[in-house]
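Analysis of the macromolecular model
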Amino acid sequence: MIDFDLDFGYYFVNYNIKGERMKKMFLFFSHRLTYEQEMDARESFFVEEFIYLPKELQEKWSNVPPELEDLSEYALLFFSFLEKNAKKGDFALIQGDFGLTYKMVNFAKSIGVIPVYATTKRVVKEIKNGDKIIKQSQFKHIRFRKY
């Protein structure tokens, strides 16, 4: 995309040095990206912009009603958002309710958006406190993996 900056009077292009269009990553999950995740997406996939769901959609993504027998209609809200905002070659980080995630992954692929998920490594620390041992788990981002 070529834009003209009126304040500075020059064109700038949203392409990396390899001539590839800089990408967006749409975030279909319940957390905020960590610094490590953001840097990985920028370096591995040339992502320049992270798109969180609008508040209303985020609330729905994070609280899928377990009473629903079929998620097809429920998923349409998310399909519409992605289809209106993403371009072929953009990325979608999709993690959450298994059924909705499955539908979103398939939909993203059908419109040329690349679905990914985050992989982590669990680092367990044991802390002795008197005669008790407290286990503390931390999760460290390792990489994004394509579905």
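Here's what I pulled together on the structure shown here.

Basis of the calculations
- Residues numbered from 1 in each chain as written.
- Predicted model: local features only at pLDDT ≥ 70, side-chain atom pairs only at ≥ 80, totals over all residues.
- Heavy atoms only, no water.
- Buried < 20%, exposed > 50% of the residue type's maximum accessible area, 1.4 Å probe, protein only.
- Helix = DSSP H or I, 4+ residues; strand = E, 2+ residues; numbered from the N terminus.
- Pairing = 2+ DSSP bridges.
- Axes fitted to C-alpha atoms, helices over the stretch in contact; angles between N-to-C directions.
- Parallel < 35°, antiparallel > 145°, perpendicular 65-115°, else oblique.
- Left-handed = near helix turned anticlockwise from the far one by under 90°.
- Contact = heavy atoms within 4.5 Å.
- Nonpolar A, V, L, I, M, F, W, Y, C, P; charged D, E, K, R; others polar.
- Phe/Tyr/Trp six-rings, centres within 6.5 Å; stacked < 30°, edge-to-face > 60°.

Focus: the pairing of strand β5 (residues 91-94)
- The alternating pattern of β5 places Phe91 and Leu93 and Ala92 and Ile94 on opposite faces, both of which are buried.
- Across four bridges, strand β3 (residues 23-28) lies against β5 in parallel orientation. Each bridged residue has a counterpart across the sheet, and for Phe26 the counterpart in β5 is Ala92.
- Looking at chain direction, β5 and strand β6 (residues 114-129) are connected through three bridges and run parallel. From the neighbouring strand, Ala92 faces β6, where its bridge partner is Pro115.

Section: the packing of helix α2 (residues 55-62) against helix α3 (residues 72-85)
- Running from N to C, α2 and α3 point in directions that differ by 135°, and their axes come no closer than 11 Å. In terms of orientation, α2 and α3 fall into the oblique class. Like other packed secondary-structure pairs, α2 and α3 cross with a definite hand, here left-handed. Counting all contacts with α2, which are made through Leu57, Lys60 and Trp61, the residues of α3 involved are Tyr74, Leu77, Phe78 and Phe81.
- The residue makeup of the contact of α2 with α3, split by class, is six nonpolar, no polar and one charged.

Concerning the packing of aromatic side chains
- What the rule picks out here adds up to ten aromatic pairs.
- Here the aromatic rings of Phe28 and Phe78 are separated by 6.5 Å at their centres, their planes lie at 75°, and the arrangement is edge-to-face. With a gap of 50 residues between them, Phe28 in strand β3 and Phe78 in helix α3 connect regions that are remote in the sequence. Each member of the pair, Phe28 as well as Phe78, carries the same accessibility label: buried.

Focus on the packing of α3 against helix α4 (residues 98-110)
- Close contact between α3 and α4 brings their axes to 10 Å; oriented N to C, the two are set at 40°. The pairing of α3 with α4 is recorded here as oblique in orientation. Crossing of α3 against α4: the hand is right-handed. Listed contacts from α4 to Ser72, Tyr74, Ala75, Phe78, Phe79, Leu82 and Glu83 of α3 are Leu100, Lys103, Met104, Phe107 and Ala108.
- Considered class by class, the residues forming the contact of α3 with α4 number nine nonpolar, one polar and two charged.

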